[in-house]
Amino acid sequence: IQPFHNVPKDFPKLKNDAFLRACHGQETNHVPVWCMRQAGRYLPEFREFRAGKDFFETCRSPAACCELTLQPLRRFPFDAAIIFSDILVIPQAMGMDVQMVAGKGPTFPEPLKEPEDLLLLQPKVDVNKELGYVFKAITLTRHKLDGKVPLIGFTGAPWTLMAYMIEGGGSTTHSKAKRWLYRHPEASHKLLKMLTDVIVVYLLGQVAAGAQALQVFESHAGCLGPVEFQEFSLPYLRDIARKVKDQLKESGQDVPMIVFAKDGHYGLEDLSQSHYEVVGLDWTIDPRSARERTGGKVSLQGNMDPCALYAPKERISEIVKKMLEGFGTRGYIANLGHGLYPDMDPENVGAFVEAVHTHSRHLNLK
Ligand code: 1CP
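In this report, we go over the structure that sits alongside the text. The shown structure was predicted, so the numbers you read here are calculated from the model rather than taken from an experiment.

Concerning the overall build of the protein
- Scanning the protein for helices and strands turns up 15 helices and 9 strands.
- Taken over the C-alpha trace, the protein has a radius of gyration of 19 Å; the compact-globule value for 366 residues is 21 Å, and the two agree within 12%.
- If one aligns the C-alpha atoms of the protein with their principal axes, the spans along those axes are about 60 × 45 × 40 Å.
- A sequence separation of at least 24 residues applies to 75% of the contacts in the protein between residues at least 6 apart.
- For the protein, the exposed area adds up to about 15,700 Å²; of that, 51% sits on carbon and sulfur atoms.
- If the 43 positive side-chain charges of the protein are averaged to one point and the 43 negative ones to another, these points end up 3 Å apart.

If you want it as structure tokens, here you go:
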């Protein structure tokens, strides 16, 4: 594995370590909180900044990514920042064309159709060259954050990326990608392995660039059943955490890792034993049963239904209180069960963050 050479060492001192402490199950004064898609179209300043610019061009501009990462932090006292980027930069780095089509989302003009198409992918991806713009964005943002909160790096998980590469975009059934699993299991494993190799180097590069935690998004776990999950998702999720951690240990670094397998509740026990410090949860899992099933082995992150943000602020506060009582305040990071939607009211996001901080301080005093 080629390390990222341009290692910056003069980052500002971290002032708020609640998120990192919670990842490691240590005590905190308040429960840390951040939101998936906290940089996004629900913010007028985001819409204004992005207006007229191509999505992936924006991803390739470190200054733009830095600005978009910092925007939500100026409004809300989030306890973590997540670098503005996208999971689909990896298929791009492997040689695929991906465009953001307005009103449709990410689109691959030439998705993978048959196993022969694997030959069209770059066999050896030079991650520093192809994705160096993400590393630059991370380094710049870590400096500009000035130690306010830790910076999270992220990647899509192999199965989720494979699904996009074959479907050519979003999908409700994922039947084209699942066809590969049932009809071409060998080629599927080949592709998943190729993705895993790139992801490991990519995550290590993000840490070298300044990421202080890493989240792996298995957004399409839900379309797999327990058997396919065991064969096509879990082994690669484990491999990624093990390989990244082995490398980091060699250089004496300790960077917590979060795995978020959306709608993968059947895999919760296994996910809690997959070398990740934190398991992210969607809203279909009850907090108490998630604690029981993970047996205190990991910290948990989540899981308010994003749509609860459509409720009046007082109701949001009640929902948050219940959620905190269910998870407990130790080894817990409050978040939504999935990303924010563009039509959400920023004020209610503020109410969510405030409710987490206020209720968790009270619960800690009891
Ligand atoms: O023009 C725009 O602003 C488009 C909306 C948008 C944004 C804000 C997309 C398109 N990507 C992003 C940024 C993004 N994507 C972040 C930024 C950091 C933050 O959270 O604030 C992150 C973490 C992602 C990750 C991502 N992209 C995931 C995993 C998380 C999840 O939602 O499950 C996925 C599945 C994608 C693909 C993607 N990118 C964009 C869209 C609309 C989609 C989903 C497409 C689909 O499946 O229909």
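Some words on the site of the ligand
- Close contacts around the ligand come from 22 residues, with Arg37, Arg50, Tyr164, Ser219 and His338 the closest.
- Relative to its unbound accessible surface of 880 Å², the ligand loses 86% to contact with the protein.
- Because more than half of its atoms lie within 2 Å of the grid, the ligand is assigned to the largest pocket.
- A breakdown of the residues in the shell around the ligand according to their chemical character gives 13 nonpolar, 5 polar and 4 charged.

Some words on the environment of Ile166
- Position of Ile166 relative to the elements: it lies in helix H7 (residues 158–167).
- Look at Ile166 and you get buried, because its relative accessible area is 2%.
- Taking the C-alpha atoms as reference points, Ile166 and Lys113, 53 residues apart in sequence, are found 6.3 Å from one another.
- If we ignore the near neighbours within four places in the chain, the residues touching Ile166 are Pro111, Leu112, Lys176, Ala177, Trp180 and Leu191.

Some thoughts on the environment of Lys322
- Structurally, Lys322 is set in helix H14 (residues 313–327).
- Distance in space between the C-alpha atoms of Lys322 and Pro287 is 9.3 Å, their sequence separation being 35 residues.

Quick notes on the packing of aromatic side chains
- For the structure shown, the criterion picks out 9 aromatic pairs.
- Residues Phe55 and Phe56 carry aromatic rings whose centres are separated by 5.0 Å and whose planes lie at 85 degrees to one another, so their mutual orientation is edge-to-face.
- Pairing Phe327 with Tyr332 gives two aromatic rings, centres 4.4 Å apart and planes at 15 degrees, and the pair type is stacked. Assigned by exposure class, Phe327 and Tyr332 land together as buried.
- Through pairs of rings, three or more aromatic residues link up here, namely Phe46, Phe55, Phe56 and Phe84.
- For Lys53, the ring lying beneath its charged end belongs to Phe49, and the centroid distance is 4.1 Å.
- Here Arg60 stacks its cationic end above the ring of Tyr133, 5.9 Å away from the centre of that ring.

So, unusual backbone geometry
- For the bond from Gly302 to Asn303, the omega torsion is -10 degrees, close enough to zero to count as cis.
- Within the secondary structure, Asn303 is located in strand S8 (residues 299–304).
- Located in the positive-phi region is Asp146, a residue other than glycine, with phi close to 55 degrees.
- Mapped onto the secondary structure, Asp146 falls in the loop between helix H6 (127–145) and strand S4 (151–156).
- Of note, His275 is a non-glycine position whose phi angle comes to about 75 degrees, a positive value.
- For His275, a relative accessible area of 40% corresponds to the partly exposed category.

Things to note about the nonpolar core
- Formed by 131 residues in total, the largest nonpolar core has its most connected members in Phe19, Leu191 and Phe352.
- Looking at this core element by element, the count peaks at 14 residues for helix H9 (residues 185–209).
- Ignoring any residue separated from it by four or fewer positions in sequence, one finds Phe352 in contact with Val33, Cys35, Met304, Leu309, Ile316, Val320, Met323, Asn335 and Leu336.

Quick word on the pairing of strand S9 (residues 332–336)
- For S9, a buried count of 5 out of 5 residues is recorded, marking the element as mostly surrounded by other parts of the structure.
- What you see with S9 is no split at all: Tyr332, Ala334 and Leu336 on one side and Ile333 and Asn335 on the other are buried throughout.
- Of the pairings in the sheet, the one linking S8 to S9 comprises 5 bridges and is parallel in character. Residue pairing for S9: Met304 is matched across the bridge by Leu336.
- One crossover worth recording links S8 to the parallel S9 by way of H14, and it is right-handed.

A few points about the packing of H7 against helix H8 (residues 175–183)
- Two numbers describe how H7 lies on H8: the axes approach to 8 Å, and their chain directions differ by 115 degrees. Judged by the angle between their axes, H7 and H8 are roughly perpendicular. Classified by chirality, the crossing of H8 by H7 is right-handed. Within the contact between the two elements, H7 uses Trp159, Met162, Ala163, Ile166 and Glu167 and H8 uses Ser175, Lys176, Ala177, Lys178, Trp180 and Leu181.
- Of the residues contributing to the contact of H7 with H8, the split by class is 7 nonpolar, 1 polar and 3 charged.

Rules and cut-offs
Residues numbered from 1 in each chain as written. Predicted model: local features only at pLDDT ≥ 70, side-chain atom pairs only at ≥ 80, totals over all residues. Heavy atoms only, no water. Helix = DSSP H or I, 4+ residues; strand = E, 2+ residues; numbered from the N terminus. Rg over C-alpha atoms; globule rule 2.2 N^0.38 Å. Contact = heavy atoms within 4.5 Å. Areas by Shrake-Rupley, 256 points an atom, 1.4 Å probe, with all protein chains shown as cover. Lys, Arg positive; Asp, Glu negative; His and termini not counted. Charge placed at Lys NZ, Arg CZ, Asp CG, Glu CD. Near = heavy atom within 4 Å. 1 Å grid on protein atoms, 1.4 Å probe; cavity = no way out; pocket = protein on both sides within 12 Å on 5 of 7 lines; lining within 4 Å. Sits in = over half its atoms within 2 Å of the grid points. Nonpolar A, V, L, I, M, F, W, Y, C, P; charged D, E, K, R; others polar. Buried < 20%, exposed > 50% of the residue type's maximum accessible area, 1.4 Å probe, protein only. Phe/Tyr/Trp six-rings, centres within 6.5 Å; stacked < 30°, edge-to-face > 60°. Lys NZ or Arg CZ within 6 Å of the ring centre and 35° of its normal. Core = buried A, V, L, I, M, F, W, Y, C linked by side-chain atoms within 4.5 Å. Pairing = 2+ DSSP bridges. Right-handed = clockwise from strand over helix to strand, strands pointing away. Axes fitted to C-alpha atoms, helices over the stretch in contact; angles between N-to-C directions. Parallel < 35°, antiparallel > 145°, perpendicular 65-115°, else oblique. Left-handed = near helix turned anticlockwise from the far one by under 90°.

Function cannot be read off these values alone, since they describe shape.
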